[in-house]
Amino acid sequence: MKLGILLGYKGDAGGPNMDLILEAERLGYDSAWTSEAWGSDAVSPAAWVLARTAKIKVGTGIMQMSARTPSCAAMTAMSMQAMSGDRFLLGIGPSGPQVIEGWHGEVFGKPLKRTREYIEVIRQVFAREKPLEFQGEFYQIPNTGPGTTGLGKALKTIMHPDPAALKIYTGSFAPAGLRTAGAVADGVPPIFMITDKTELVREHVEEGRVKAGKSTDLSDFDIAPFVRIQMGEDLQACRDAIKQEMAFYIGGMGARNKNFYNDYTKRLGYEDAAV
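Everything numeric in this text was worked out from a predicted model, so none of it was measured.

Asker: What should I look at first to understand the packing of helix α2 (residues 43–51) against helix α3 (residues 70–84) in this one?
Answerer: When two helices pack together, their arrangement is given by the angle between the helix axes and by the axis-to-axis distance. At their nearest, the axes of α2 and α3 sit 10 Å apart, and the two run at 10° to each other. Considered as vectors, α2 and α3 are oriented roughly parallel to each other. As α2 runs across α3, the sense of the crossing is right-handed. Two secondary-structure elements touch here, α2 through Val-43, Ala-46, Ala-47 and Leu-50 and α3 through Thr-76, Met-80 and Ser-84.

Okay, here's the thing in structure tokens:
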């Protein structure tokens, strides 16, 4: 088992808590993860941390796909890898309709199909086998559709990234999303994972891998759960310290009739608490 540390997404003044991150690096932690909602973006603090550390990996958990084209995400990943000695972990995800349509003004659409297309484009960019060409439901590269000039040209990145060094994680915890992660990604950072119900994540990942012709051996796939902890002698005080954020996700991160976190909490066996 490897340990990681999860950073906030509110954009604290002065940047991430580097004293905490440097201590985690000294102790041998494997990774640190940034986040984004509708405040700080995930990439800027990740770059900040990578610039001030030497060994620890830094991942985005997650970059909202609809906020960036897949080519832009690939450019970001290539740049971060080049500047950090391949210590960047590319975490992407569809987010939810409340954020995508309410904040970014984009159509939420079909998140699983978008995820597959997004990752395929990124891997093509990193492979550099030929100029980038992709015609999918969500992404057409070069775009020759209505309103275009007709001058678009298939391009191959002028950078030379190492495809083998890139790890892509998808922000998934619903069954279909986990199957997609198993099929096309290198890892998944599920939220609220509990030790006695790991099958709610693992079995769906394995199912996706089998369908994609991959082994159920997860030695090349990371399940990296984001687990909230609070240490102290007063158990109730520790619970109270994380209650507010959990309540925000379970009760407020989504519409009243469509909240993926609420649905997941019910699958974990907490139907009454999630109502």
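Structure shown, so let's carry the discussion forward.
Asker: So what exactly am I meant to see when it comes to the pattern of salt bridges here?
Answerer: Oppositely charged side chains are able to pair whenever their charged atoms sit close together. Taken as a whole, this structure holds 13 salt bridges when the rule is applied. Salt-bridge contacts for Lys-57 lead to Asp-30; the nearest nitrogen and oxygen are separated by 2.8 Å. Taken together, the residues Lys-57 in strand β3 (residues 57–60) and Asp-30 in the loop between α1 (18–26) and β2 (31–34) connect sequence positions 27 residues apart. Lys-57 gets classed as partly exposed once you look at its relative accessible area, which sits at 28%. For Lys-167, the salt bridge is made with Asp-222, and the minimal N-O distance between the two is 3.1 Å. You can see Lys-167 sitting in the loop between β7 (140–141) and β8 (168–170) and its partner Asp-222 sitting in strand β10 (residues 222–223), a full 55 residues away along the chain. For Lys-167, a relative accessible area of 30% puts it in the partly exposed group. Residues participating in the shared-partner salt-bridge network are Arg-202, Glu-203 and Glu-206.

Asker: Help me out: how do you make sense of a nonpolar patch on the surface in this one?
Answerer: On the surface, a cluster of nonpolar side chains totalling about 340 Å² of accessible area is made up of Trp-38, Trp-103 and Phe-248. Here Phe-248 is to be found in helix α8 (residues 235–252). A residue is classified by how much of its surface remains accessible, and Phe-248, at 32% relative accessible area, is partly exposed.

Asker: Please explain the nonpolar core as it appears in this structure.
Answerer: For soluble globular proteins, the rule of thumb is that nonpolar side chains tend to be buried together. In terms of nonpolar packing, the biggest core is built from 52 residues, with Met-63, Leu-90, Ile-92, Ile-122, Phe-192 and Tyr-264 touching the most fellow members. The dominant element in this core, judged by the number of residues it contributes, is helix α5 (residues 111–127), at six residues. Excluding residues within four positions of it along the chain, Tyr-264 makes contact with Phe-173, Ile-191, Phe-192, Met-193 and Val-201.

Asker: Even after reading the chapter, I still don't get helix α9 (residues 260–267), so can you show me in this structure?
Answerer: Residues that lie three or four places apart on an α-helix share one face, since the helix turns once every 3.6 residues. Of the residues making up α9, those classed as buried are Tyr-261, Asn-262, Tyr-264 and Thr-265. Projected onto a plane normal to the axis of α9, the buried residues spread over an arc of 160° and lie on a single side. At the exit of α9 stands Gly-269, carrying a positive phi of roughly 105°.

Asker: Sorry if this is basic, but what is going on with the environment of Leu-89 here?
Answerer: By secondary structure assignment, the location of Leu-89 is in strand β5 (residues 88–93). For Leu-89, a relative accessible area of 5% corresponds to the buried category. As for Leu-89 and Glu-25, which are separated by 64 residues in sequence, their C-alpha atoms are 16 Å apart. Those residues in contact with Leu-89 that sit more than four places away from it in its chain are Ser-31, Trp-33, Lys-57, Val-58, Gly-59, Thr-60, Lys-167 and Tyr-169.

Asker: I'm lost on the pairing of β5 in this one. Help?
Answerer: Consecutive side chains of a regular strand alternate in pointing toward one face of the sheet and then the other. β5 sits mainly inside the fold: six of its six residues count as buried. Relative to β5, β3 runs parallel, the two being bridged by two bridges. Residue pairing in the sheet places Gly-59 in a bridge with Leu-89 of β5. Running through α3, the crossover from strand β4 (residues 63–64) to the neighbouring parallel element β5 is right-handed. When β5 meets β8, the two strands line up parallel, connected through three bridges. Note that in β8 the partner of Gly-91 across the bridge is Tyr-169.

Asker: Explanation requested: the side chain of Arg-209 in the structure shown.
Answerer: Tracing the backbone shows Arg-209 in helix α7 (residues 199–211). Classification of Arg-209 by relative accessible area gives buried; the value is 2%. Every residue in contact with Arg-209, bar those within four places of it in the chain, is listed here: Gly-182, Ala-183, Lys-214, Ser-215, Asp-217, Leu-218, Asp-220 and Phe-221.

The rules we used
Residue positions are given per chain, counted from 1 along the sequence in the order it is written. With the structure being a predicted model, the display of local features is reserved for residues of pLDDT at least 70 and the display and counting of side-chain atom pairs for 80 or more, all residues being used for whole-chain, interface and lining totals. Hydrogens are left out, water is left out, and the side-chain values use all remaining heavy atoms of the structure. To obtain an axis, a line is fitted to C-alpha atoms, over the contacting stretch when the element is a helix, and the angle between two such axes runs from 0 to 180 degrees between their N-to-C directions. Each helix is a run of H or I in the DSSP string that is no shorter than four residues. Each strand is a run of E no shorter than two, and both are numbered from the N terminus. Put simply, angles under 35 degrees are roughly parallel, angles over 145 are roughly antiparallel, angles from 65 to 115 are roughly perpendicular, and the rest are oblique. By convention, the crossing between two helices is left-handed when the near helix turns anticlockwise from the far helix through less than a right angle, and right-handed when the turn is clockwise. Whether two residues are in contact is decided by their heavy atoms, any of which lying within 4.5 Å being enough. For salt bridges, the criterion is a side-chain nitrogen of Lys or Arg within 4 Å of an Asp or Glu carboxyl oxygen. Relative accessibility thresholds used throughout: buried, under 20% of the residue-type maximum; exposed, over 50%; partly exposed, between the two (1.4 Å probe, protein chains only). Each patch is built from residues that are more than 30% exposed by relative accessible area and take part in no salt bridge. Like charges join if they lie within 9 Å; nonpolar side chains (Val, Leu, Ile, Met, Phe, Trp, Tyr) join within 5 Å. For every accessible area listed, the method is Shrake-Rupley and the probe measures 1.4 Å; residues are considered covered only by the protein chains on display. Nine residue types can take part in a nonpolar core, namely buried Ala, Val, Leu, Ile, Met, Phe, Trp, Tyr and Cys, and a core is a set of them joined through side-chain atoms within 4.5 Å. Summarising the geometry, the arc corresponds to the directions from the helix axis toward the C-beta atoms. One bridge is not enough; two strands pair if DSSP finds at least two bridges between them. Here a crossover is taken to be right-handed if, once the strands point away from the viewer, the path from the first strand over the helix to the second is traced clockwise.

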